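# Analysis of the macromolecular model
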Amino acid sequence: MTNHDTLTDPAPAGELARGIVPGGTFLADFLYPEPAERRVGAMIGWWEKRRLPYNLIVGATGLVTMTFGAALTAVVATLQPVDMVRMAIWWAVWANVCYTLGPVAEIALQKLFGGRLLPAGPLLFRAGVTIAVGVTLLPIIPLTIGFILNFFGLV
């Protein structure tokens, strides 16, 4: 690799592989992967290869939310541990149902637009991970509001 600033200097022709972020980290390469071949089996395989990391990311985010909820519950008994486990199982199932819509959407877009559309898998994947993490963290807001209201005796 030649010595140049990846942010300001254009990269020499052929130096950057498609799907690789210049100076990228594992996370950058994971979120900006090379797309799958434009075959149904290849697209499904591309998505399934990323299902476990997706589940680990969403699961870790869920642990943050559950830890936060457990900490508040320790102070104000509003949630029972069994309720949190039920919610976690429910969310894990639905997160995977939604994840399965990724390859379905990509295959549908490929069938509908063919070569006129760039591969949508990497964009759909990034959007899905972002939305899943956001929705997984979302319960922290009402938990915090409920805790504050309870703390001040307003509930």
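Structural data are supplied above this passage.
Reference entry: report on the structure contained in this document. (Residues numbered from 1 in each chain as written. Predicted model: local features only at pLDDT ≥ 70, side-chain atom pairs only at ≥ 80, totals over all residues. Heavy atoms only, no water.)

### Digging into empty space enclosed by the protein
Over the atoms, a rolling probe the size of a water molecule traces out where space has been left empty. Quick reminder of the rule: Definitions used for this entry: grid spacing 1 Å over protein atoms alone; cavity, a set of points where a 1.4 Å probe fits but cannot get out; pocket, an open set with protein on both sides within 12 Å along at least 5 of 7 lines; lining residue, one with an atom within 4 Å of a point. Grid points are joined across faces, edges and corners, and a volume is the space filled by probe spheres set on the points. Residue polarity follows a fixed list, in which Ala, Val, Leu, Ile, Met, Phe, Trp, Tyr, Cys and Pro are nonpolar, Asp, Glu, Lys and Arg are charged, and the others, Gly among them, are polar.
What the rule picks out here adds up to one cavity of 30 Å³ or more. Lining the largest cavity we find Arg38, Glu106, Leu109, Gln110, Gly114, Leu117, Leu118 and Ala120. Here the residues of the lining of the largest cavity are counted per class, giving four nonpolar, two polar and two charged.

### Points about the nonpolar core
Note the following rule: Joining through side-chain atoms within 4.5 Å is the link that ties buried Ala, Val, Leu, Ile, Met, Phe, Trp, Tyr and Cys residues into a set, and such a set is a nonpolar core. The rule is simple: take the accessible area with a 1.4 Å probe, protein chains only, and divide by the maximum for that residue type; under 20% is buried, over 50% is exposed, in between is partly exposed. Strands are runs of DSSP state E lasting at least 2 residues, helices are runs of H or I lasting at least 4, and numbering of each runs from the N terminus. Contacts are residue-level and defined by heavy atoms, with any inter-residue pair within 4.5 Å sufficient.
Grouped together as the largest cluster of nonpolar side chains are 13 residues, with contacts concentrated most on Trp46, Trp47, Tyr54, Val58, Tyr99 and Phe125. Secondary structure elements with two or more residues in this core: helix 2 (40-75), helix 3 (81-113) and helix 4 (121-137). Here this core gets five residues from one element, more than from any other, and that element is helix 2. When near neighbours in sequence (up to four residues on either side) are disregarded, tryptophan 47 contacts Tyr99, Gly102, Pro103, Glu106, Gly121, Leu124 and Phe125.

### Details of the layout of surface pockets
The computed volume of the largest pocket comes to approximately 470 Å³. Around the largest pocket sit 21 residues that line it, and Gly62, Met87, Ala88, Trp91 and Thr136 are the ones nearest its centre. When grouped by side-chain class, the residues that make up the lining of the largest pocket number 14 nonpolar, seven polar and no charged. When its volume is computed, the second largest pocket comes out at roughly 260 Å³. Forming the boundary of the second largest pocket are 16 residues, of which Tyr54, Cys98, Tyr99, Gly128 and Val129 lie nearest the centre. Broken down by secondary-structure element, the contributors of at least two residues to the lining of the second largest pocket are helix 2, helix 3 and helix 4. The leading source of residues in the lining of the second largest pocket is helix 4, at eight residues. Grouping the constituent residues of the lining of the second largest pocket by class yields 14 nonpolar, two polar and no charged.

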